[in-house]
Amino acid sequence: MRSNSILGIIYANVHDDLLPGLTEKRSMASVPFAGRYRLIDFSLSNLTNAGVSQVGIITKQNYQSLMDHVGSGREWDLDRKSGGLFILPPFVSGGIDDGVYKTHLYGLVGIMNFLKRATQEYVVICDSDVIANVDINEMFNDHVENGADITIAYKYGRLPKNHDKVMVLTVDQNRNIKSIDFLKERANVNHSLDIVLVRREFLIQRINEAVAEGKVSLSRDILIPALDKYKIMGYRVEGFAEIMDGPKSYYDLNMKMLDSKVRRQLFNRERPIYTKTHDSMPAKYCIGSNVKNSLIADGCVIEGEVKNSILFRNVVVKKGAVVENAIIMQNGVVGENAHVSYAVMDKVSTVCDGAELNGTNQKIVLLKKEQKIGG
Amino acid sequence: MSVLKKNECVAMLLAGGQGSRLGVLTQKIAKPAVPYGGKYRIIDFPLSNCVNSGIDIVGILTQYQPLELNDYVGSGKPWDLDRINGGVHILPPYQKSKGGDWYKGTANAIYQNIHFIEKYDPEYVLVLSGDHIYKMDYSEMIKAHKETGADCTIAVMEVPFEEAPRFGIMNTEDDGTIYEFEEKPANPKSNLASMGIYVFTWDKMREYLINDEKNKASHNDFGKDIIPAMLNAGEKMMAYRFEGYWKDVGTVESLWDANLDLLNPNLGLKLDSADWKIYSRTGWLPPQFISETAQVENSLVSDGCFVAGKLDYSVLFENVTIEEGATVEYSLIMPGAVIKKGAHVQYAIVAENVKVNEGAVIGENPQAYPNRDDWGIAVIGDSVKVGKKATVKAKAMISKNVKEGEIV
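Cut-offs and rules
- Residues numbered from 1 in each chain as written.
- Chains lettered and ligands numbered in written order.
- Predicted model: local features only at pLDDT ≥ 70, side-chain atom pairs only at ≥ 80, totals over all residues.
- Heavy atoms only, no water.
- Helix = DSSP H or I, 4+ residues; strand = E, 2+ residues; numbered from the N terminus.
- Rg over C-alpha atoms; globule rule 2.2 N^0.38 Å.
- Buried < 20%, exposed > 50% of the residue type's maximum accessible area, 1.4 Å probe, protein only.
- Contact = heavy atoms within 4.5 Å.
- Areas by Shrake-Rupley, 256 points an atom, 1.4 Å probe, with all protein chains shown as cover.
- Pairing = 2+ DSSP bridges.
- Axes fitted to C-alpha atoms, helices over the stretch in contact; angles between N-to-C directions.
- Phe/Tyr/Trp six-rings, centres within 6.5 Å; stacked < 30°, edge-to-face > 60°.
- Lys NZ or Arg CZ within 6 Å of the ring centre and 35° of its normal.
- Buried area = accessible area lost by both parts, 1.4 Å probe.
- Salt bridge = Lys/Arg side-chain N within 4 Å of Asp/Glu carboxyl O.
- Left-handed = near helix turned anticlockwise from the far one by under 90°.
- Nonpolar A, V, L, I, M, F, W, Y, C, P; charged D, E, K, R; others polar.
- Core = buried A, V, L, I, M, F, W, Y, C linked by side-chain atoms within 4.5 Å.
- Domains from an automatic or database assignment.
- Polar contact = N/O pair within 3.5 Å; in protein donor to acceptor, adjacent residues only side chain to side chain.

Considerations on the overall build of chain A
Across its full length, chain A carries 9 helices and 29 strands. Its C-alpha radius of gyration of 21 Å places chain A within 12% of the 21 Å reference for a compact globule of 375 residues. Its C-alpha atoms put chain A at 65 × 45 × 40 Å along the principal axes. By the burial criterion, 58% of the 375 residues in chain A qualify as buried. For chain A, the proportion of contacts with a sequence separation of at least 24, taken over those separated by at least 6, is 58%. Of the accessible surface of chain A, which amounts to about 15100 Å², a share of 45% is contributed by carbon and sulfur atoms.

Regarding helix 8 (residues 252–260) of chain B
Helix 8 of chain B sits mainly inside the fold: 7 of its 9 residues count as buried. Within helix 8 of chain B, burial applies to V252, S254, L255, W256, A258, N259 and L260 of chain B.

Focus: the sheet that holds strand 29 (residues 385–386) of chain B
In space, the 11 strands of this open sheet follow the order 28(A)-25(A)-22(A)-19(A)-16(A)-16(B)-19(B)-22(B)-24(B)-26(B)-29(B), with mixed pairing throughout. Only two strands of the sheet have a single neighbouring strand rather than two, namely strand 28 (365–367) of chain A together with strand 29 of chain B. Taken together, the 2 bridges between strand 19 (residues 310–311) of chain A and strand 22 (residues 327–328) of chain A define a ladder with parallel strand orientation. When the bridges of strand 22 of chain A are listed, I310 of chain A appears paired with I327 of chain A.

Focus: the sheet that holds strand 18 (residues 305–307) of chain A
Residues and elements named next belong to chain A. Spatially, 5 strands are ordered 15-18-21-24-27 in an open sheet, and the strand pairing comes out parallel. Each edge of the sheet is formed by a strand with only one pairing partner; in this case those strands are strand 15 (290–292) and strand 27 (356–358). The average angle at which neighbouring strand axes cross in this sheet is 5°, direction not considered. When strand 24 (residues 339–341) meets strand 27, the two strands line up parallel, connected through 3 bridges. Within the sheet, the bridge partner assigned to S341 lies in strand 27 and is N358.

Some thoughts on the packing of aromatic side chains
Scanning the entire structure with this criterion turns up 23 aromatic pairs over all chains. Ring centres of Y274 of chain A and W284 of chain B lie 5.1 Å apart, and the angle between their planes is 80°; on these two criteria the pair is classed as edge-to-face. Placement of Y274 of chain A in the loop between helix 9 (260–266) and strand 14 (283–285) and of W284 of chain B in the loop between helix 8 and strand 16 (288–290) is noted, with the two residues assigned to different chains. Judged by its relative accessible area of 16%, Y274 of chain A falls in the buried class. Among the aromatic residues, ring-to-ring pairing joins W256, Y313, Y330, Y347 and W375 of chain B into one connected group. Positioned above the aromatic ring of F202 of chain A is the side chain of R206 of chain A, whose terminal nitrogen or guanidinium carbon lies 4.7 Å from the ring centre. In this structure, R41 of chain B is placed above the aromatic ring of Y72 of chain B, and the distance from its NZ or CZ to the ring centre is 5.0 Å.

What to know about the interface of chain A and chain B
With 37 residues of chain A in contact, the opposing surface of chain B contributes 39 residues. Looking at the side of chain A facing chain B, the largest losses of area belong to D279, M281 and Y285 of chain A, adding up to 24% of the total buried there. Run the count over chain A and chain B and you get 2 salt bridges. A salt bridge links D298 of chain A to K39 of chain B; the nearest nitrogen and oxygen atoms lie 3.2 Å apart.

Notes on the environment of W102 of chain B
All names here are of chain B. By the element assignment, W102 lies in the loop between strand 7 (99–100) and helix 3 (106–111). Under the relative-accessibility criterion, W102 is labelled exposed at 60%. Sequence separation between W102 and L128 is 26 residues; the distance between their C-alpha atoms is 19 Å. When residues no more than four places from it in sequence are discounted, the contact partners of W102 are Q63, P93, N108 and Q112.

Quick word on the pairing of strand 14 (residues 237–241) of chain B
Residues and elements named next belong to chain B. Most of strand 14 is tucked away, with 4 of its 5 residues classed as buried. Two elements, strand 10 (residues 152–158) and strand 14, share 5 bridges in a ladder whose sense is parallel. From the neighbouring strand, T153 faces strand 14, where its bridge partner is M238.

Quick word on the side chain of S314 of chain B
Examined against the element boundaries, S314 of chain B turns out to sit in the loop between strand 20 (310–312) and strand 21 (315–316). Aside from chain neighbours lying at most four places away, what touches S314 of chain B is L260, L263, N298, S299, L300, V328, E329, Y330 and S331 of chain B.

A look at the packing of helix 6 (residues 202–214) of chain B against helix 7 (residues 222–232) of chain B
All names here are of chain B. Where helix 6 contacts helix 7, the two axes come as close as 11 Å, and the packing angle between them is 115°. Here helix 6 and helix 7 pass one another in a crossing that is right-handed. Taken together, the residues of helix 7 that come into contact with helix 6 (itself represented by K204, M205, Y208, L209 and D212) are F222, D225, I226, A229 and M230. Broken down by class, the residue content of the contact of helix 6 with helix 7 amounts to 7 nonpolar, no polar and 3 charged.

Things to note about the nonpolar core
Core analysis: the biggest nonpolar cluster contains 133 residues, and I296 of chain A together with M136, I197 and V386 of chain B have the highest contact counts within it. In contact with I296 of chain A, other than residues within four places in its own chain, are A283, Y285, V291, I302, V306 and L311 of chain A together with P287, Q288 and I290 of chain B. Among the nonpolar cores identified, the runner-up in size contains 67 residues, and L7, V196 and A210 of chain A together with F289 of chain B belong to it.

Comments concerning unusual backbone geometry
The phi dihedral of N337 of chain A is positive, around 55°, even though this residue is not glycine. For N337 of chain A, the position within the fold is in the loop between strand 23 (333–334) and strand 24. Here N337 of chain A falls in the exposed class, since its relative accessible area comes to 54%. The phi dihedral of K389 of chain B is positive, around 55°, even though this residue is not glycine. Relative to the assigned elements, K389 of chain B resides in the loop between strand 29 and strand 30 (391–392).

Considering the domain arrangement of chain A
Residues and elements named next belong to chain A. On domain assignment, one finds that chain A holds domain 1 (6–266) and domain 2 (284–373). Placing the centre of domain 1 and that of domain 2 at their C-alpha centroids yields a distance of 33 Å. For the pair domain 1 and domain 2, the two sides together bury roughly 1700 Å², of which 67% comes from carbon and sulfur. The tally of links from domain 1 across to domain 2 stands at 2 salt bridges. Its salt-bridge partner being R26, residue D346 comes within 2.8 Å of it at the nearest N-O pair. Inspection of the region where domain 1 meets domain 2 yields 3 residue pairs in polar contact (both at pLDDT 80 or more). Within the residue set of the side of domain 1 that touches domain 2, elements represented by two or more residues are strand 2 (32–33), strand 3 (37–38) and helix 8 (247–256).

What follows is the structure, encoded as structure tokens:
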């Protein structure tokens, strides 16, 4: 494969409403995950690991933290003279969507010039709420060998909870997609991971046709009607691949990172997940610290007890503090003798000395960004 | 911090030495590339100090085993030294129209790169080495150099008198004027040790480098030739006192010490403080995982590590694995090393990608030695495999695989 033959497109704001507390000041793409990542790191790394050298990120709102995170794209090797990383903010075109796109289709309409000016033969479109390490190179080879017009990555598993928007695929033994449906009830099915590979010209034509007919949906108005006319294939993803679908799933998916098998699937040496790097010291475990079954990032200073938890960069757990079944984002502080359990602490939040932040397995509590309790 | 003018000072970092006292640790890499503190290399200190001091033109003089160092420095981006004007430059010896030479000594290395310095036409040249762990604001030293009108200013720090015979000692007047330099004096007159950090007024330095090169008897070395020559000629030489943490990491024991100093709460060494960060090139590794069976205390652990065993008073570099039932104490475990089940590592430096197999015992407690001189840190070199139940004694320096059950 010529490394520059695929253009990458990522939607930064997908289903932001599903994580209301965490996306108040950020896009879905920049939601922190697994101790040092942001959700977009997965799709960005999937693309660059397949040699994709030009990626456009379609943004809608709250994208400051995203821009801060991706910067020039250097960490993903996307700081290129030719191609590289493009942030594509809303563009008022005077169409039906007043610039701020409401559907995936209109997200693409808004970047039509970017799509047209690109020179790559193919396009891969991804959402930023999918946590998976997908071999897009293999998906591409599969697409070309089978002479497919469209290839959609999918997995077999339980449908995400809050998603009646996830495409459920009926796939025959040759992996041809026979139908695309939306189910109301949750079930074990083949469902889309919202990674779609098509020829660029083909995509532009389908978009133009759909828009001319006043259509609005990528899945209902382009993919489903195409089933009759074109060859649409499925590319099955094995191993860990999940879609973020709400606060509980945010908590649960993070906690799955404590499973060594999951970590090996997601963070393998052949296809690393890249992220912005920082200059924190290694984590420091002080005398008397007690840490079990936890994922700990650089820069943490731990004097207390940490169990079944995920600590992002520079988290401080002071003497006598107990942290259990919790997720503490960057620069969080747990004061002396404080107690945190079944909780998510957003960035730079503090539980003061002796204070408590306790949820339950059924009801995870969230301490919002820069907030403080106790003291 | 004082503010330097553009191109006012060029830093020349001497990174060509082998660091032979580090033994197997510098067999394949130059000393400045030796890992330190979990995620750093020694060279991160002078480079970060330069950029934090506002010096953004840095020449790195390489000669011995430069490949890993070249890779590590790269474009200088992690230190913010990939600049349109200046930035970081690797300067190996090169072929000239009338033949070429290896760098004969520290002064000759700079002499051979006079054109590099002239390109920027600086007023001052800062000479640094890549063997110390310290945070220092060079701009303050340059300011002192300007204020005293010195031709050369040498950074010094007080050392205990009994240790002074190990250092180059500066004998000074009350105002800091250096009147004598003694290399490793048996009976030191002063306890001001040279830190190997020099600021020269460039015109003066250039003159002495050219004259030194003409002298066939010279070692072409700063300490042995240039500094004494300048003193003899009556040039104005000033000592600049530095206070704070500074450690030479030229020997196995001092490297081990300097790493474990990071765990000493009294020293409070913080390498990521907002006002003076030490930068490094880091990889793309997931956070460290501490398992249910782990016991970790008083240690530094880096990205990508997996710890299921017992860890006390140690520094784990990136991607290290400590399996369940293994014990690591008072040791440095460098990137990619694996300590298998039931192995016991103590008072040791385990280099990159070493594999210590099940039940092996590395290093010994100094208390087992009535005569402290018989004891030493055990060092396992790059990529060595230590067989099951093998024993590596104190002070051993291992560069070849150790067989199962073998005692070395």
